[in-house]
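# Structural description and commentary
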Amino acid sequence: NAGVTQTPKFQVLKTGQSMTLQCAQDMNHEYMSWYRQDPGMGLRLIHYSVGAGITDQGEVPNGYNVSRSTTEDFPLRLLSAAPSQTSVYFCASSYSASADTQYFGPGTRLTVL
Amino acid sequence: SQQGEEDPQALSIQEGENATMNCSYKTSINNLQWYRQNSGRGLVHLILIRSNEREKHSGRLRVTLDTSKKSSSLLITASRAADTASYFCATVRNNAGNMLTFGGGTRLMVKP
């Protein structure tokens, strides 16, 4: 199994541009989530999904959209990038919404100029 | 707002010494988890302790939980240079499904 994969590893955007961060898992996990990590802040939950077709907001959802059309994929869309969205983004998955262990991807480092 | 706060923010020790990191949180929890993050990498799950447990061991790791003080500690015994990483506590609140709320982390450096 590849586990949780994220693309791209690095991305630089200009303010106002849009892009999609990709996340995929091959473990047949129902629960997937997106976090952002800022220096000294730990990780904060952006959006999560308990299964295909179901998504919900986390702690910091503004400026981001998600969809879950398949079990494997959970893309994160930035509609109009802002410098405040400069961060490292991590995708995570777990077997279910009540499973104990979450598996994290390697992260995408995003810079918005 | 962050649920967990780690202390200290940074810790530097010699190989072979023990490392202790502390975590405090604000609300009632279902469980508390510790994760490790190597520089530039994703997080790796280390250990989970449930709200009805007081202590748990896994290899060189020992975790304690004091729900009356809303605090937890992670002890790494006989540290190695490979233990150099950031360590995060994360809580799962009651009725919050699988949503993790992270603290700011402790940066551990183990000198050979």
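Residues numbered from 1 in each chain as written. Chains lettered and ligands numbered in written order. Predicted model: local features only at pLDDT ≥ 70, side-chain atom pairs only at ≥ 80, totals over all residues. Heavy atoms only, no water.

In this section: unusual backbone geometry. Residues and elements named next belong to chain A. Going from Thr 7 to Pro 8, the amide bond is cis rather than trans, its omega being -5 degrees. Positionally, Pro 8 belongs in the loop between β1 (4-7) and β2 (10-13). A positive phi is found at Asn 28, a non-glycine position, where the angle reads about 60 degrees. Its place among the elements puts Asn 28 in the loop between β3 (19-25) and β4 (31-38). (Helix = DSSP H or I, 4+ residues; strand = E, 2+ residues; numbered from the N terminus.)

Further remarks concern the interface of chain B and chain A. Facing the 20 residues of chain B at the interface are 21 residues of chain A. Buried area between chain B and chain A, both sides added, is near 1600 Å², and the carbon and sulfur share of it is 49%. For the chain B face of the interface with chain A, the top three residues by lost area are Leu43(B), Asn98(B) and Met99(B), together amounting to 34%. Where chain B meets chain A, there are zero salt bridges. Where chain B meets chain A, there are two residue pairs in polar contact (both at pLDDT 80 or more). For the side of chain B that touches chain A, the secondary-structure elements that each account for two or more residues are β4 (29-37), β5 (43-50) and β10 (100-102) of chain B. A per-element tally of the side of chain B that touches chain A places β5(B) first, with four residues. When the residues that make up the side of chain B that touches chain A are grouped by side-chain class, the tally is seven nonpolar, eleven polar and two charged. (Contact = heavy atoms within 4.5 Å. Buried area = accessible area lost by both parts, 1.4 Å probe. Salt bridge = Lys/Arg side-chain N within 4 Å of Asp/Glu carboxyl O. Polar contact = N/O pair within 3.5 Å; in protein donor to acceptor, adjacent residues only side chain to side chain. Nonpolar A, V, L, I, M, F, W, Y, C, P; charged D, E, K, R; others polar.)

Residues and elements named next belong to chain A. If you trace the backbone, Arg 68 turns up in the loop between β7 (64-66) and β8 (76-78). One buried charged side chain, Arg 68, makes no salt bridge at all; its nearest oppositely charged neighbour is Glu 30, positioned 5.4 Å away. Here the side chain of Arg 68 touches Thr 71 through a polar contact of 2.8 Å, landing on its backbone oxygen. (Buried < 20%, exposed > 50% of the residue type's maximum accessible area, 1.4 Å probe, protein only. Lys, Arg positive; Asp, Glu negative; His and termini not counted.)

By the definition in use, this model includes two disulfides over all chains. Each sulfur of the disulfide joining Cys23(A) and Cys91(A) lies 1.8 Å from the other. Negative torsions about the S-S bond denote left-handed disulfides, and the value of about -70 degrees found for Cys23(A) with Cys91(A) makes this one left-handed. Taken together, the positions of Cys23(A) in strand β3 and Cys91(A) in strand β9 (residues 87-94) put the pair 68 residues apart, joining distant regions of the chain. As far as the burial class goes, Cys23(A) and Cys91(A) line up, both buried. Shown here is the disulfide that connects Cys23(B) with Cys89(B), its sulfur atoms set 2.0 Å apart. Around the S-S axis, the bridge from Cys23(B) to Cys89(B) shows a dihedral of about 65 degrees and counts as right-handed. (Disulfide = S-S within 2.5 Å.)

Shape descriptors only; they carry no functional weight alone.
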